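One letter stands for each residue in the lines below.
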Amino acid sequence: MAAEESYPPDLRYHPEHDWVRVEGEEAVFGITWYAQDALGEVVYYDPPEVGATVAKDRSYGELESVKAVSDIYAPASGEVVAVNQAVRDRPEVVNEDPYGEGWLIRVRLSDPSELESLMDEPAYREYLAGL
Amino acid sequence: MADALARTSLHGRHLALGARMGAFAGWEMPLHYEGARAEHRAVREAAGLFDVSHMGQLEVSGPGARDALRRALTNDLAIGPGRGQYTLMCDAGGGVVDDLIVYALPDRYMLVVNASNAAACLEHLDALLPEGVELADRSAEVAMLALQGPAWAEALRPLLATPAALELEYFEIAEDLVAGVPCLIARTGYTGEPGVELLCPWDEAPRLWDALMAVDRPPAPAGLVARDTLRLEMGYPLYGQELSRARTPIEAGLRWACDLEGGVFAGVDVLRRQAEEGTPERLAAFRMTEPGIPRPGQDVLVEGRPAGRVTSGTLSPCLEVGIGMAYVPAPVAAPGTDIAIDVRGKTKSARTARRPLVGASPKPS
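Re the overall build of chain B
A tally of helices and strands in chain B yields eight helices and 19 strands. In terms of overall size, chain B behaves like a compact globule, its C-alpha atoms giving a radius of gyration of 20 Å where 365 residues would be expected to give roughly 21 Å. Oriented by its inertia axes, the alpha-carbon framework of chain B measures out at about 60 × 50 × 45 Å. Counting over 365 residues, chain B shows a buried share of 48%. Across chain B, the fraction of contacts at a sequence separation of at least 24, relative to all contacts at a separation of at least 6, is 66%.

Regarding the interface of chain A and chain B
At the junction of the two partners, chain A supplies eight residues and chain B supplies eleven residues. For the side of chain A that touches chain B, a count of residues per class yields four nonpolar, one polar and three charged.

A word on the domain arrangement of chain B
Residues and elements named next belong to chain B. With domains assigned, chain B is organised as domain 1 (11–55 + 140–231), domain 2 (56–137) and domain 3 (281–365). Domain 1 and domain 3 are separated by 29 Å when their C-alpha centres are compared. Listed by partner, the interface residues are eleven residues for domain 1 and eleven residues for domain 3.

Looking at the environment of A:S77
Residue and element names in this part refer to chain A. Within the fold, S77 resides in the loop between strand 7 (69–73) and strand 8 (78–83). Separated by 45 residues in the primary sequence, S77 and T32 have C-alpha atoms spaced 18 Å apart. For S77, the residues in contact, after removing those within four places along its chain, are V54, A55, K56, S110, D111 and E114.

Points about unusual backbone geometry
Residues and elements named next belong to chain B. Of note, the bond from R355 into P356 is cis; its omega dihedral lies within 30 degrees of zero at -5°. Mapped onto the secondary structure, P356 falls in the segment after strand 19 (346–353). Even without being glycine, L77 reaches a positive phi, approximately 55°. Within the secondary structure, L77 is located in the loop between helix 3 (65–70) and strand 5 (83–90). For F171, which is not glycine, the phi dihedral falls at a positive 75°. Mapped onto the elements, F171 comes out in the loop between helix 5 (152–156) and strand 10 (173–178).

A word on the sheet that holds strand 7 of chain A
Backbone-to-backbone hydrogen bonds join strands into a sheet, with any given pair of strands oriented parallel or antiparallel. Residue and element names in this part refer to chain A. An order of 4-6-7 is seen for the three strands of this open sheet, with the pairing classed as antiparallel. Two strands close off the open sheet at either side, each with one partner strand: strand 4 (42–46) and strand 7. Taking each pair of neighbouring strands and ignoring which way they run, the sheet shows an average axis angle of 25°. As judged from the five bridges shared by strand 6 (residues 59–65) and strand 7, these two strands associate in the antiparallel manner. Note that in strand 7 the partner of S59 across the bridge is Y73.

Thoughts on the nonpolar core
Residue and element names in this part refer to chain B. Core analysis: the biggest nonpolar cluster contains 131 residues, and L111, L145, L147 and L198 have the highest contact counts within it. Of the residues forming this core, the biggest block, seven residues, is contributed by strand 6 (residues 96–105). Apart from the residues lying within four places of it in its own chain, the contact partners of L145 are L49, F50, D51, V52, L198, A205, L208 and W209.

Considering the pairing of strand 6 of chain B
Residues and elements named next belong to chain B. Within strand 6, nine of the ten residues are buried, which leaves the element mostly enclosed by the surrounding structure. Counting the residues that bridge the hairpin from strand 5 to strand 6 gives five residues, and of these G94 lies at a positive phi of roughly 85°. Of the strand pairs in this sheet, strand 6 and strand 7 (residues 108–113) are connected by five bridges, and their pairing is antiparallel. What sits directly across from I101, in strand 7, is V112.

Some details on the sheet that holds strand 3 (residues 48–51) of chain B
All names here are of chain B. In space, the six strands of this open sheet follow the order 10-11-12-9-3-13, with mixed pairing throughout. Of all the strands in the sheet, the pair left with one neighbour each is strand 10 and strand 13 (220–221). As paired elements, strand 11 (residues 181–186) and strand 12 (residues 195–201) share three bridges and run antiparallel to each other. Its bridge partner lying in strand 12, A186 is registered against E197. Against the sheet, helix 6 (residues 205–213) engages strand 3, strand 9 (142–148), strand 10, strand 11 and strand 12, with an angle of about 15° to strand 9.

Re the environment of B:P63
Mapped onto the fold, B:P63 is located in the loop between strand 4 (56–61) and helix 3. Along the chain, B:P63 and B:M288 lie 225 residues apart, while their C-alpha atoms are 52 Å from each other.

Things to note about helix 4 (residues 118–128) of chain B
Residues and elements named next belong to chain B. For helix 4, every residue scored as buried is listed here: A118, C121 and L125. Relative to the axis of helix 4, the buried residues are bounded by an arc of 60° and lie together on one face. Summarising the geometry of helix 4, the exposed residues directed more than 90 degrees from the buried face are E123, D126 and A127. Among the structural elements, strand 4, strand 5, strand 6, strand 7 and strand 8 (134–137) are those in contact with the buried residues of helix 4.

Quick word on the packing of helix 2 (residues 36–45) of chain B against helix 7 (residues 224–234) of chain B
Residues and elements named next belong to chain B. In the contact formed by helix 2 and helix 7, the axes pass within 8 Å of each other and the chain directions differ by 55°. By the angle class used here, helix 2 and helix 7 are oblique. The element helix 2 and its partner helix 7 pack so that their crossing is right-handed. Facing A36, E39, H40 and V43 of helix 2, the residues of helix 7 in contact are V225, A226, T229 and L230. For the contact of helix 2 with helix 7, the class distribution of residues is five nonpolar, two polar and one charged.

Scoring rules and cut-offs
Residues numbered from 1 in each chain as written. Chains lettered and ligands numbered in written order. Predicted model: local features only at pLDDT ≥ 70, side-chain atom pairs only at ≥ 80, totals over all residues. Helix = DSSP H or I, 4+ residues; strand = E, 2+ residues; numbered from the N terminus. Rg over C-alpha atoms; globule rule 2.2 N^0.38 Å. Buried ≥ 20, exposed ≤ 12 C-beta atoms within 10 Å, placed from the backbone. Contact = placed C-beta atoms within 7 Å. Nonpolar A, V, L, I, M, F, W, Y, C, P; charged D, E, K, R; others polar. Domains from an automatic or database assignment. Pairing = 2+ DSSP bridges. Axes fitted to C-alpha atoms, helices over the stretch in contact; angles between N-to-C directions. Core = buried A, V, L, I, M, F, W, Y, C linked by C-beta atoms within 7 Å. Arc of directions from axis to C-beta. Parallel < 35°, antiparallel > 145°, perpendicular 65-115°, else oblique. Left-handed = near helix turned anticlockwise from the far one by under 90°.

Now the structure itself:
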C-alpha cells in the first residue's frame, strides 16, 4: 500500500524531488513522496554501481513504473558506497516507504557544502505548492 | 495553451474513486485507480470495468451501405445482423487510417473507432459513400464501458432484463436493458479476456456504472494503463504505436483481417503485392531475457547493430518480465530469434515470441 504524504523535517530536498539524509560524512539518497506518487507503482530500479561517482544535479539511475521512466538526480556529489538491494528485489518498497526502506543509494560526500543549496522541509513544501 | 480536454459522463465517478487522470487522445481519462498492476491482474483473474467512452461510434445506413463499406474496410464484411468483425481502414497506399470493429445491426452498421481517428475515419468514409448512404457520428451520444475478465458474466447476470446476452458468441452483439439502461452488448474487448463492451446513451453511463459496481462481486475499476498492458501481453496492436499511415496491415501481421481475394477497398493492390512478395519489415512481439523494460522508440539491435524500433514496451504484470513489440527485418520477426534492445544506452537481450505472450484467450465464456 502506498505511503501517506509526508516530508520529514530532518531531510534536505532537491527540486527534482530527491531527498538526502546526512549521516556524518555519508549521505543517503532517495525520492520524495511527491516523486513516487507522480511515478505510480515502481516496478524497476536501475542503480549505479558501488564505487561509481555521482555528481550533484546529474542523473545517477532510473526508476520505472509500468508506464513511465524517471531519472533520479543526485542532490549532492560523491562516491556510491552502497546500493539498496531491497529496492532491486522489490521496487514497490519505494512507494510503501520512500524515506525508510525505500532509500536508493548511500554516498560518501565529496563536497558537503553542496547541501547548503538544497531546500529544507518548509521550503520544499512551498516549492510543491507552486507546481 | 493546450486545448481543454474532453470528459466522459463518468468523470465524477473516476474522481470519486481516486483515479489518477491523464490526457489520452484529447480526453481526460483514468490512468489507474488503486494501482495498474492490481487492475491488470483483476481483469486476468476475475473482472475489471473500463470507461472507454472516448472511443468513436460512426453509423452507416441506407441501401448500398454494405457495398460502400466494402470500399472502405479491409475485411470481407461477411457478417449478418448481430455480428461484429475486426477490420481496418487504409489509404490508397495501404497505410492504416484506423483499426476498428464494425458491427452489423438490423438497420445499420456501427463502426467503433479509435478516439484519435474518428475525424479521419469520418472524412475517409464521407469521400467514399454514394448518395443515399447515410453517415452519422454518434460519438458524443454513445458512452461505452468494457467489462472484461473471466467473471464478466457473474457481474452482468443480475442486471440483465433477459439472459440472452450471456449466450452471445465471441464478436456477437445484441440489444438488451442492463440495470434498466438500453444497451448494445457486444462480446468484444481488447484485453484478451472474455467479456463484453456495453454501449449506452451518454448520460446513462453513470447509472450503468453504479449498477455494475454494486453487484455482489463487483469488477475492479480499471484504467488505461492496465488496458495497455493487457493488450500488449496479447500482442494486439494499438493505433499510434504499432499502426499508422506509415505502416500497412501486412507489415503489422494483420493479413487475416484483409480480404485480398475479393477486396475492393482503398490500398488493396498494395496489400496484395506485399502479401505475395513479403515486406522488408514485420511487426514482432518479444520478451526480455534479462532484467530491463523496453520502451517505445528504443532501438532493436541485431548482431549489435540497430535494425528496428520498439513501438510498445512495458513490464508484463503476469510474466513479470519486460515485453514489447517492434518492427524488425522480416527474417528477425520469426518467433524465437535472439535480439537485443538498447534500453537507454544499455544493451539488454530479448527474444522474439509468438503472440499472445501470455496464455489468455477471449473466447471461452
